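Now for the letters of each chain:
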Amino acid sequence: QKEVEQDPGPLSVPEGAIVSLNCTYSNSAFQYFMWYRQYSRKGPELLMYTYSSGNKEDGRFTAQVDKSSKYISLFIRDSQPSDSATYLCAMRKTNYGGATNKLIFGTGTLLAVQP
Amino acid sequence: NAGVTQTPKFRILKIGQSMTLQCTQDMNHNYMYWYRQDPGMGLKLIYYSVGAGITDKGEVPNGYNVSRSTTEDFPLRLELAAPSQTSVYFCASSYSQGQRMNTEAFFGQGTRLTVV
């Protein structure tokens, strides 16, 4: 079983739709959760960062963590064609550097927002 | 502020050839990383460095080598290229003060490598 599972999509939605992207994980030690956005032929860029359970909002984006279910989500409201990208979830166990703290990525979900 | 810069952007290698992927960052980050990204497989950590002179293996280090002689540069060396090393390679950096991570990883634009 992979440590982090993510539906690869592709997910196609009309402009203005609410998008829900999800990841599940198996290791309860994960505490720090991130969402990266990756445009075609570009490097990933950090979109959202959350610690432990709860919600975090930034403009049209909301990140949600449910540690009891080992499930994280990214919601995009009023989606725009410029949101078309691959969205990667990532997580790690601690906030400390070093050998034991590695960022584990999901495989990414390809999102296309149709104008 | 250039961030993380990778060169080259594209490269085609023949089996058995060697090459160095260059990575430099101008953010004075102490941590640097090399990842490879294959379709449907996400990002896999190859090597990482916590500071100049210190490197360590990630999940998939076989067939690669790294060095970190300066804070800014973290080259990745492929000695005997194999088709299995066809991938997109990303360099990233982050900053840790003491034991705590102060920033998340900033990524370069990637190097697309094909081994034929």
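Residues numbered from 1 in each chain as written. Chains lettered and ligands numbered in written order. Predicted model: local features only at pLDDT ≥ 70, side-chain atom pairs only at ≥ 80, totals over all residues. Heavy atoms only, no water.

A. Looking closely at the sheet that holds strand S6 (residues 54-58) of chain A. Residue and element names in this part refer to chain A. The strand order S1-S3-S8-S7-S6 describes an open sheet built from five strands, whose pairing is antiparallel. Among the strands making up the open sheet, the edge pair consists of strand S1 (4-6) and S6. Direction aside, neighbouring strands of the sheet carry axes that sit 15° apart on average. Direction of pairing for strand S3 (residues 19-25) relative to strand S8 (residues 71-76): antiparallel, over a ladder of six bridges. Counted as the bridge partner of Leu21 is Leu74 from S8. (Pairing = 2+ DSSP bridges. Helix = DSSP H or I, 4+ residues; strand = E, 2+ residues; numbered from the N terminus. Axes fitted to C-alpha atoms, helices over the stretch in contact; angles between N-to-C directions.)

B. Up close: the sheet that holds strand S7 (residues 64-66) of chain B. Residue and element names in this part refer to chain B. Overall, antiparallel pairing links the four strands, which are arranged S1-S3-S8-S7 in an open sheet. Here the strands that pair on one side only, and so sit at the sheet edges, are strand S1 (4-7) and S7. Each strand axis lies, on average, 20° off the axis of its neighbour in the sheet, ignoring direction. Two elements, S1 and strand S3 (residues 19-25), share four bridges in a ladder whose sense is antiparallel. Paired with Val4 across the strands is Gln25, a residue of S3.

C. Inspection of unusual backbone geometry at higher detail. A cis amide bond links B:Thr7 with the next residue in sequence, B:Pro8, at an omega value of -5°. In this fold, B:Pro8 is placed in the loop between S1 and strand S2 (10-13). One non-glycine residue, A:Arg41, lies in the positive phi region at around 65°. Positionally, A:Arg41 belongs in the loop between strand S4 (32-38) and strand S5 (45-51). If you check the backbone angles, A:Asp78 has positive phi at about 45° while not being a glycine. Along the chain, A:Asp78 falls in the loop between S8 and strand S9 (85-92).

D. Representation of the nonpolar core. Judged by nonpolar contacts, the single largest core of 25 residues is most densely connected at A:Val4, A:Trp35, A:Ile72, A:Leu74, A:Tyr87 and A:Met91. When contributions to this core are tallied by element, the ones reaching two or more residues are S3, S4, S5, strand S7 (61-66), S8, S9 and strand S11 (109-114) of chain A. Once you skip the residues sitting within four places of it in the chain, A:Val4 turns out to touch A:Cys23, A:Thr24, A:Tyr25, A:Phe30, A:Cys89, A:Met91, A:Ile104, A:Phe105 and A:Gly106. Counting residues in each nonpolar core, the second largest holds 19 residues, with B:Cys23, B:Leu76, B:Cys91 and B:Leu113 among its members. (Core = buried A, V, L, I, M, F, W, Y, C linked by side-chain atoms within 4.5 Å. Buried < 20%, exposed > 50% of the residue type's maximum accessible area, 1.4 Å probe, protein only. Contact = heavy atoms within 4.5 Å.)

E. Layout of the interface of chain B and chain A. Taken together, the 23 residues of chain B in the interface contact 23 residues of chain A. Both sides of the chain B and chain A interface together cover about 1900 Å² of buried area, and 51% of this is carbon and sulfur. For the pair chain B and chain A, the interface holds zero salt bridges. Taken together, chain B and chain A are joined by two residue pairs in polar contact (both at pLDDT 80 or more). Those elements giving two or more residues to the side of chain B that touches chain A turn out to be strand S4 (31-38), strand S5 (42-51), strand S6 (54-57) and strand S11 (100-101) of chain B. If one sorts the elements of the side of chain B that touches chain A by residue count, S5(B) sits on top with four residues. Considered class by class, the residues forming the side of chain B that touches chain A number eleven nonpolar, seven polar and five charged. (Buried area = accessible area lost by both parts, 1.4 Å probe. Salt bridge = Lys/Arg side-chain N within 4 Å of Asp/Glu carboxyl O. Polar contact = N/O pair within 3.5 Å; in protein donor to acceptor, adjacent residues only side chain to side chain. Nonpolar A, V, L, I, M, F, W, Y, C, P; charged D, E, K, R; others polar.)

F. Spotlight on the layout of surface pockets. Here the largest pocket is characterised by a volume of approximately 630 Å³. As for the largest pocket, its lining consists of 28 residues, of which A:Gln38, A:Arg41, A:Thr86, B:Gln37 and B:Arg112 are closest to the centre. Sorting the residues of the lining of the largest pocket by element identifies S9 and S11 of chain A together with S4, strand S9 (87-94) and strand S13 (111-115) of chain B as the ones contributing at least two each. Here the residues of the lining of the largest pocket sort into ten nonpolar, 13 polar and five charged. Considered as a void within the structure, the second largest pocket measures approximately 180 Å³ in volume. The set of elements that each furnish at least two residues to the lining of the second largest pocket consists of strand S10 (104-105) of chain A together with S5 of chain B. Here the lining of the second largest pocket is built from residues that sort into six nonpolar, one polar and four charged. (1 Å grid on protein atoms, 1.4 Å probe; cavity = no way out; pocket = protein on both sides within 12 Å on 5 of 7 lines; lining within 4 Å. Points joined across faces, edges and corners; volume = space filled by probe spheres on them.)

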